[in-house]
Amino acid sequence: MTGRGAAITTTGLRKVFPKRRPAENWMDAMPQLVKGLAGRQDRKVALDGVDLKIEDGELFGLIGANGAGKTTLIKILACLMRPDGGTATVAGYDIHTQRMMAKASSSVLKGGGWTGVLWMRTVSQNLRFQGEMSGLAPALIERRSAEVLELLDLTDKADEVPWYLSAGQRHKLTVALLFMVRTPVVLMDEPTVHLDPNVAQTVRRFIKETVNTKRGQTVLMSTHYLQEAELMCDRVAIIDQGRLLACDSPSRLKRSVYDGSIVEIRADRCTEPGLEALKAIHGVTQVRARLQDAALGRQSIRIYGGNGLNPMAGALEVLGAAGAEVKWAKSAEPSLEEVYLKLVGREIN
Amino acid sequence: MSSIDAGSTGLAYQLRALSTFVRRDMKLWTYFKVNLLVDLLGVFSNLVIYAVIARFNPGGEGMAAYNHDYVAFVVIGLVFNTLLSTALSGPYMGVMDSFWNSRLEVLIMSPVSLPVFTVGLSAGQYVRALFRVAIYLGGGALLFGLRFPAGADLPAAALVLFLAVVACTGLGLMAASMIYIVDARGGSDPVRLVVENLAGVAAGVYFPVQVLPVWVQWLAGLVPHTYALDGIRQALLGGGTPLPTLPLHRLLPALSPVLTDALALAVYSALALPLGWAMFKRGLRLAKVDGRLSRWV
Ligand SMILES: Nc1ncnc2c1ncn2[C@@H]1O[C@H](COP(=O)(O)OP(=O)(O)O)[C@@H](O)[C@H]1O
Ligand SMILES: [Mg+2]
């Protein structure tokens, strides 16, 4: 299966769910039941013609807000859900016609849960169980568990039962389970959600350095942390209401939404007229200010200069004239947040 | 591209996966020691209740075909009930257990074949059932004088047991399919409701079917338990001369009653197993379409 090109492709993938509202009582339930039987439920389009191509060895990020369709896409690729239209391949295998091979070609990690963990078995027994269920030889199972416990800093928890682990340690166990089998493709659904910064960092490093770089596994991970995607991913796709709005490397996406220069300024005693005056500077296309401290009148300001013009000097002058006290100013890069905002029209969280 | 490095997924793998399933289930069962003890004591007290009833010598009406031996009669009933309800509930409980423990998605994604997956889900429960059976037989023999008369037809008994388990597995798969077909994720389902009630009331676990009104006897004929219990009891206790006890026996007087029981079970299995399998697969497929397969959201 080497050399078949893309690790994951999707073509016109579509998924529509009936809208489910839990009925309060039987009187409520009846009309819904009748509608359901008549096939006339309200529907919700979760994926709306998704075309995607992820190359072999990529670390690919799927960015979207809650309800955007990330989990649905991942479940379909994992063969845990059937699409209503379109098709997909995983490691070259069609999810409709070569299901067994497609399934065997990917492993799945779901953030923030217990998925795959046996609560009554110790950490190392969990790893062994996973290895056995995957048909690995005992020696390989031993070697990999030792390695992954070390990598994720779980060695001293090897003989403890997941019930008595902290949430972060338990999550690292689910990540470790993923390591037991080396599939060409790894699907991760919000792998760092609800984790404290330390654990999240460990997991990110593990995904990037061990899973993607060292083992060469293609990773598709969903996230709604834009910085995480920007830091980790070779390419990202932005999904909203089941549609892919963009798909490219973070740097190209950023350049595509903005190719001028950006200045970021932190200033106290900023007044409305001062901010208005910034917009009037020649060449400035946009000013975004976020109030940091109302008492001090402290604003965090991003100023966007049009083609070729750097608004730094002008901005400092205008703010000074308006009586503001500039704490610091620096040239800034556009961020994925700006890309997201521009494409989707609202902030992600 | 890195290749799939999982070992072979052939027969040897599938068998190993099965034993992994069983070991996991045993650990689960024995993890809470108090519950384990309560569980086993409950089995024992059940045995005691019926052994005490046996003292009243309920050996009259309808017991002729079973050697008038109520202790043997009821112990066989308890043993069969245990095994058949395992067959009946195994797939449902297995799917539900994996569902609520967030393991179903992992199992579905692993290379275990669907039959191994399904059998594996209930394999552990069979091992538990065997412990219960051992208590019924051992306790019965040691404390309540359980004996089987000479001339027991063991091959016929084994055949009846096998066919009954197959038939009930078919019904069990139908029960499990209800989880997704009618969204019965709450611990009970319509298939088991009907089968268990018919089996409990009418199939004659605790008393012979003949004491019931004839129309109930016919109704009892709708569940495999009825033929299974009669067949095995007559094979073990009948002393080589089985008597017609069920309506079907009287309908087919030319055949030996035990043979009739076995035939009924064979027909039942041939219908219930493929139907149950098809329904089970349909349920899983439905769940994959509307996204209720696992708790993962
Ligand atoms: N099994 C389901 N039944 C009905 N609606 C669903 C189901 N799964 C997801 N949805 C709906 O589909 C949309 C996309 O969901 P999801 O893929 O889980 O989003 P995300 O993972 O990006 O937060 C949401 O509006 C969600 O409510
Ligand atoms: Mg999600």
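Nothing here was measured: the structure is a model prediction, and the numbers come from that model. (Residues numbered from 1 in each chain as written. Chains lettered and ligands numbered in written order. Predicted model: local features only at pLDDT ≥ 70, side-chain atom pairs only at ≥ 80, totals over all residues. Heavy atoms only, no water.)

Student: Just give me the short version of the interface of chain A and chain B, but keep the residues and values in it.
Tutor: The parts lose accessible area when they come together, and the size of an interface is often stated as this lost area. Taken together, the contact between chain A and chain B spans 55 residues of the former and 39 residues of the latter. Summed over both partners, the interface of chain A with chain B comes to about 4,100 Å²; 62% of that surface belongs to carbon and sulfur atoms. If you sort the residues of chain A by the area they bury against chain B, Leu 80, Arg 82 and Met 133 of chain A come out on top, with a joint share of 18%. In this assembly, chain A and chain B are joined by one salt bridge. Seen at the junction of chain A and chain B, the total is ten residue pairs in polar contact (both at pLDDT 80 or more). If you list the elements that add at least two residues to the side of chain A that touches chain B, you get β1 (8–18), α2 (70–77), α3 (99–104), β6 (106–110) and α4 (123–133) of chain A. (Contact = heavy atoms within 4.5 Å. Buried area = accessible area lost by both parts, 1.4 Å probe. Salt bridge = Lys/Arg side-chain N within 4 Å of Asp/Glu carboxyl O. Polar contact = N/O pair within 3.5 Å; in protein donor to acceptor, adjacent residues only side chain to side chain. Helix = DSSP H or I, 4+ residues; strand = E, 2+ residues; numbered from the N terminus.)

Student: Quick one: what's the story with the site of ligand 1, residue by residue and with numbers?
Tutor: Every one of the 15 residues lining ligand 1 counts as a neighbour, but Gly 67, Gly 69, Lys 70, Thr 71 and Thr 72 of chain A are closest to it. Per-site note: the chains with residues close to ligand 1 are chains A and B. Within the backbone of Asp 290 of chain B, a nitrogen or oxygen atom sits 3.1 Å from a nitrogen atom of ligand 1. Coverage of ligand 1 by the protein amounts to 76% of the 550 Å² it exposes when considered alone. (Near = heavy atom within 4 Å. Areas by Shrake-Rupley, 256 points an atom, 1.4 Å probe, with all protein chains shown as cover.)

Student: Account for the environment of Arg 250 of chain B, with residues named and values stated.
Tutor: Residue and element names in this part refer to chain B. Tracing the chain through its elements places Arg 250 in helix α10 (residues 247–251). We classify Arg 250 as partly exposed; its relative accessible area is 46%. Discounting residues that sit within four places of it in the chain, Arg 250 has contacts with Gln 217, Pro 244 and Thr 245. (Buried < 20%, exposed > 50% of the residue type's maximum accessible area, 1.4 Å probe, protein only.)

Student: Describe in detail a negative patch on the surface, supporting the description with residues and values.
Tutor: Residues and elements named next belong to chain A. On the surface, a cluster of negative charge is contributed by Glu 150, Asp 153, Asp 156, Asp 159 and Glu 160. In this structure, Glu 150 sits in helix α5 (residues 138–151). Residue classification places Glu 150 among the exposed positions, given a relative accessible area of 57%. (Patch = residues over 30% accessible without salt bridge, like charges linked within 9 Å, V, L, I, M, F, W, Y side chains within 5 Å. Lys, Arg positive; Asp, Glu negative; His and termini not counted. Charge placed at Lys NZ, Arg CZ, Asp CG, Glu CD.)

Student: Describe a nonpolar patch on the surface, with residues and values.
Tutor: All names here are of chain B. There is a patch of nonpolar side chains on the surface, built from Val 214, Trp 218, Leu 251, Leu 252, Leu 255, Leu 259 and Leu 263 and spanning about 630 Å² of accessible area. For the nonpolar patch, the elements supplying multiple residues, two or more each, are α8 (214–220) and α11 (257–290). Residue position: Leu 263 is located in helix α11. Given a relative accessible area of 42%, Leu 263 falls into the partly exposed group.

Student: Quick one: what's the story with the confidence of the model for chain B, residue by residue and with numbers?
Tutor: Taken as a whole, chain B shows an average pLDDT of 88; of its residues, 95% reach a score of 70 or greater. Scored as a complex, the prediction yields pTM 0.86 and ipTM 0.83. (pLDDT = per-residue confidence, 0-100.)

Student: Lay out the packing of helix α3 (residues 70–100) of chain B against helix α5 (residues 114–144) of chain B in plain terms, naming residues and giving numbers.
Tutor: Helix packing geometry: the angle between the two helix axes and the distance between the axes. Residue and element names in this part refer to chain B. Contact pair α3 / α5: the axes reach a minimum separation of 8 Å and the direction vectors enclose 165°. Our classification of the angle between α3 and α5 gives roughly antiparallel. Between α3 and α5 lies a crossing whose hand is right-handed. In the contact of α3 with α5, the residues fall into 17 nonpolar, eight polar and one charged. (Axes fitted to C-alpha atoms, helices over the stretch in contact; angles between N-to-C directions. Parallel < 35°, antiparallel > 145°, perpendicular 65-115°, else oblique. Left-handed = near helix turned anticlockwise from the far one by under 90°. Nonpolar A, V, L, I, M, F, W, Y, C, P; charged D, E, K, R; others polar.)

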